[in-house]
Amino acid sequence: MSSLVQAVLATVAIWAARWLWVRLSSQRILNNIPGPKSRSFWTGNLAEIYNGGVVRIDALFGGKQLYVFDPKALHQIVVKDADIFEEPDSVIDGTRVSFGEGILSTLGDQHRKQRKMLNPVFSIAHLRQMVPVFFSVGRRLRDVLESKVQNGPQEVDILLWMTRTALELVGQAGLGYSFDPLTSDDVPPYITAVKQLQITMIRMALAAQYILPWASRIGSPGFRRFIVNIVPWKDLHIGRDILDTMYNTAIHVYNIKKKALDEGDDAVSAQIAHGKDIISILMKDNRNASLSDRLSENEIIGQLNTLVFAATDTTSSALSRTMHLLAQRQDVQDKLRQEIRAAQKDKDEFSYDDLNSLEYLDAICRETLRLTRKDVILSTSTPITTVNGAMITEIPIPAETNIIISILASNRNPAIWGPDCLEWKPERWLSPLPKTIGEAHVPGIYANLMTFSGGGRSCIGFKFSQLEMKVVLCLLIERFKFTASDQNISWQMSSIVVPVVDNDSRRPQLPMKVQLAI
């Protein structure tokens, strides 16, 4: 037997022994944590949702994972021991393959360096300057919807228009670039790519988790591209084409910004947003940064790609969800319209402080957003009864154990939010919240919620998202009345929640009846 074959067999044997040791030690410890019975050795019970603060669940091929929403445990995971509880390789590698070396695909010192460079452009001081840009884009959306309903009520796909608006908002305020004039029904190619990506990612989820971490390290980028092209897998080719569209767009925008910076301040000021957009400021600051703090060209392109996708997909989903809830609750919609009109008077545009003074608008945003590794000891705020009957508040976590943080369960935990936690009640934010909310010390950075996560990897653009939601809602609710469609709408969970008609997950959409408000 050749030495090469012997080396390969030895490597495989060592890997298999290590895998078996990790699996057995994990099972021995975690089997004592209560959890539901596995429905299948192959798929476990990953598709189910549970109650209990910390729950053991069975993953693929008998693997053990923890499903966590206990507030003390969440604080330890995302704040106290964040350097231990890092994202698994499947998440980091998947994000890096999709968007490049951006803030979502880096860890440790590299992530902290990127966040340090990005923090100033997401500050309140900078967002105040961006309010006119937000209203300019929002008025274009309002005008095109008004043209559609001028002669009477019409059914409109709100998800499509919220996605297009979110893209143009992040384009102008984030990149100083216009993707979409928002004047016709013509859909930009980037929107088509973004909408298809979520669906494709879900269909490829298992491959992304179990194959991508090692496949992305084989050979050169050119070799990996060759393999992707020849593998007879339709979803893989669709994903390739989507990511090509996104990457080529990012390169195009980056080159425009770089050229303007090279030409000087006059060229920068002549662009959309007059050089005050996030990427222009980031690139300018990056040039003036020390060598140790400076980001590479690939990192800048990664930030650009990440910013556009994240701001488009997540905010459009949150806005669509809000519009759907308002259409179902005409009393809430009418009350919000009254608040906006009373504050508006003769103004067609609010300042940053004006928007934040609209208490009911803020309550609606908060309520909607509420309803959307080494060996270590994980502590919990409430005792857990183990399988053998013992009461524990500390759980030994084996190395390489996957932990699922349930934002949904944390935001709807009846022990924290009370028995009406599943109801959409904006009024809950207009009076003192239950003491249990403050006492829980949920580590989220926004409104005692985990919606934008917490700690060093929390959503850096959550204020940008909030501003976007409030501007669009102010402009649309003041002018239009929205009512629910006669079609059957359901919301399906992917990496974000998306609306579909008659459970057709291949085409996310949100038809809604729109008419001019009296």
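This report concerns the structure included in the present document. (Residues numbered from 1 in each chain as written. Predicted model: local features only at pLDDT ≥ 70, side-chain atom pairs only at ≥ 80, totals over all residues. Heavy atoms only, no water.)

Here's the deal with the pattern of salt bridges
1) Next: Scanning the model with the defined rule gives 31 salt bridges in all.
2) Next: A salt bridge links Asp262 to Lys258; the shortest N-O distance between them is 3.7 Å. Of this pair, Asp262 and Lys258 both sit in helix α11 (residues 234-263), 4 residues apart, which is roughly one turn of the helix.
3) Next: Overall, Lys258 belongs to the partly exposed group, its relative accessible area being 31%. (Salt bridge = Lys/Arg side-chain N within 4 Å of Asp/Glu carboxyl O. Helix = DSSP H or I, 4+ residues; strand = E, 2+ residues; numbered from the N terminus. Buried < 20%, exposed > 50% of the residue type's maximum accessible area, 1.4 Å probe, protein only.)

Thoughts on the sheet that holds strand β6 (residues 403-405)
1) Next: Judged by pairing direction, the sheet is mixed, and its 3 strands sit side by side in the order β1-β2-β6 without closing on themselves. The open sheet has two edge strands with one neighbour each: β1 (54-58) and β6. In this sheet, neighbouring strand axes are inclined to one another by 30 degrees on average, regardless of whether the strands run parallel or antiparallel.
2) Next: Across 3 bridges, strand β2 (residues 64-68) lies against β6 in parallel orientation. Each residue of the ladder has a partner; that of Tyr67, found in β6, is Ile404.
3) Next: With respect to the sheet, helix α2 (residues 71-80) is in contact with β2 and β6, its orientation differing from that of β6 by roughly 105 degrees. (Pairing = 2+ DSSP bridges. Axes fitted to C-alpha atoms, helices over the stretch in contact; angles between N-to-C directions. Contact = heavy atoms within 4.5 Å.)

Observations concerning the packing of aromatic side chains
1) Next: On inspection of all chains with the given rule, the structure shows 11 aromatic pairs.
2) Next: Geometrically, the ring pair formed by Phe179 and Tyr190 is tilted, given 5.6 Å between the ring centres and 45 degrees between the ring planes. One end of the pair, Phe179, is in the loop between α6 (158-175) and α7 (189-203); the other, Tyr190, is in helix α7, with 11 residues separating them in the sequence. Here the two residues Phe179 and Tyr190 agree in accessibility, since each one is buried.
3) Next: Taken together, a centroid distance of 5.6 Å and an interplanar angle of 45 degrees make the contact between Phe452 and Phe462 tilted. With Phe452 in the loop between α20 (435-440) and α21 (462-479) and Phe462 in helix α21, this residue pair connects regions lying 10 residues apart in the sequence. Note on accessibility: Phe452 and Phe462 belong to one class, buried. (Phe/Tyr/Trp six-rings, centres within 6.5 Å; stacked < 30°, edge-to-face > 60°.)

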